[in-house]
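Here's the letter readout for the chains.
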Amino acid sequence: MVYAAENEQGELCQVNEAELDAHIELNTPVERLLNSQLGKPADFGLRQTTLDHNASADGFGLRGLLGARTTLLSHQLYVAATVGARFAPRVLLADEVGLGKTIEAGLIVSQQLLRQRAQRVLILTPETLTHQWLIEMQRRFHLSFSLLNAARLEDTDPSEEFSESPLVLSPINLFESDPALQECVRQVEWDMVVIDEAHHITGLNHPRSSLGEFVHTLSQHTRGLLLLTATPEQAGLFFHFERLQLFLM
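If you're wondering where the values come from, they're calculated on a predicted model, not measured in any experiment.

Caption draft 1: Summary view of the environment of R120. Along the chain, R120 turns up in the loop between α4 (101–114) and β4 (121–125). It is 16 Å that separates the C-alpha atoms of R120 and Q220, two residues lying 100 residues apart in sequence. Once you skip the residues sitting within four places of it in the chain, R120 turns out to touch F162, S163, E164, S165, P166, V188, E189, W190, D191 and M192.

This is the structure in structure tokens:
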């Protein structure tokens, strides 16, 4: 058998049947219908059931909050569900010591990423807590953050490191007196910024400190902002209300 056909240049040519591929891939429903390749009713029913379950999961209020490897307390789940339901949440988590602010923040970040409301997240913590946060995010929430500290940035380009890593964890004191490094972070469009031990941040209003100016500008250019502190009034009510004004940016 010989077939008359047109090649890619539009020229007529003859093709021997032995040269034809025995396996024909029909990718679209229309192609399969025209070639009488019909699926089984059971397969259609399975696909419909799968899509129904996926749609039900998308509308489930706790989606993204139940996959953590930890025993959730009722107040943690309530806080994470309430905050996570918002688009680009800007809140202060002020639970007392030991009540799980890190877990709540991890749940909120995980849910925002899973629901594709956030893609780039920056976590700033005291230097002594960076490795604890790194392990908690990986072990409990399966989130692989890049730890960008002084040792990591010593022999690399900071601008590339911050722009190429979607999930970044850094000690906040790293930016206290380094305007060039502050500018590298400000140039990145973060969807969410998390700051632990936020009561240590002062100098947010005039006169502003270098770190205060950095946090103030960062809060203006990010959509989501989480501040964590067990003692929001430790430095006084004045500085507490200074931090609260960050949410109004």
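Next, the rest of the story.
Caption draft 2: The arrangement of the nonpolar core in detail. Ranked by internal contacts, the top residues of the largest apolar core, which has 28 residues, are V109, V121, I123, W133, F145, V194 and L226. Those elements giving two or more residues to this core turn out to be α3 (74–84), β3 (90–93), α4, β4, α5 (130–141), β6 (167–171), β7 (192–195) and β8 (224–228). For this core, the leading source of residues is α4, giving 6 residues. Apart from the residues within four sequence positions on either side, F145 is in contact with V109, V121, I123, L134, M137, L167, V168 and L169. In terms of nonpolar packing, the next biggest core, distinct from the first, is built from 27 residues, V185, F214, V215 and F247 among them.

Caption draft 3: Representation of α3. Q76, V79, A80, A81, V83 and G84 are the residues of α3 that are buried. Taken together, the buried residues of α3 touch β3, α4 and β8.

Caption draft 4: Structural view of the sheet that holds β3. Read across the open sheet, the 6 strands follow the order β3-β8-β7-β4-β6-β5; overall the sheet is parallel. With partners counted over all chains shown, the strands left at the sheet margins are β3 and β5 (146–147), one partner each. With 2 bridges connecting them, β5 and β6 associate as parallel partners. Bridge pairing links L147 to L169 in β6.

Caption draft 5: Geometry of the pattern of salt bridges. As enumerated under the stated definition, the model contains 5 salt bridges in all. We note a salt bridge from E183 to R186, for which the minimum N-O separation is 3.4 Å. Of this pair, E183 and R186 both sit in helix α8 (residues 179–186), 3 residues apart, which is roughly one turn of the helix. Each of E136, R139 and R140 takes part in one network of salt bridges that share partners.

The rules behind these values
Along every chain, residues carry numbers that run from 1 in the direction the sequence is written. Note on the predicted model: pLDDT of at least 70 is required for a residue's local features to be given, and 80 or more for side-chain atom pairs to be given and counted; whole-chain, interface and lining totals, by contrast, use all residues. In computing side-chain values, all of the structure's heavy atoms are included and hydrogens and water are not. Secondary structure elements follow DSSP: runs of H or I no shorter than four residues count as helices, runs of E no shorter than two count as strands, and numbering proceeds from the N terminus. Any two residues whose heavy atoms approach within 4.5 Å at even a single point are treated as in contact. Take the buried Ala, Val, Leu, Ile, Met, Phe, Trp, Tyr and Cys residues and link them wherever side-chain atoms come within 4.5 Å; each set so joined is a nonpolar core. Buried residues are those whose accessible area, probed at 1.4 Å on protein chains only, stays under 20% of the maximum for their type, while exposed residues exceed 50% and partly exposed ones sit between those limits. Think of it this way: DSSP has to see at least two bridges between two strands before they count as a pair. Salt bridge, as used here: a side-chain nitrogen of Lys or Arg that lies within 4 Å of a carboxyl oxygen of Asp or Glu.

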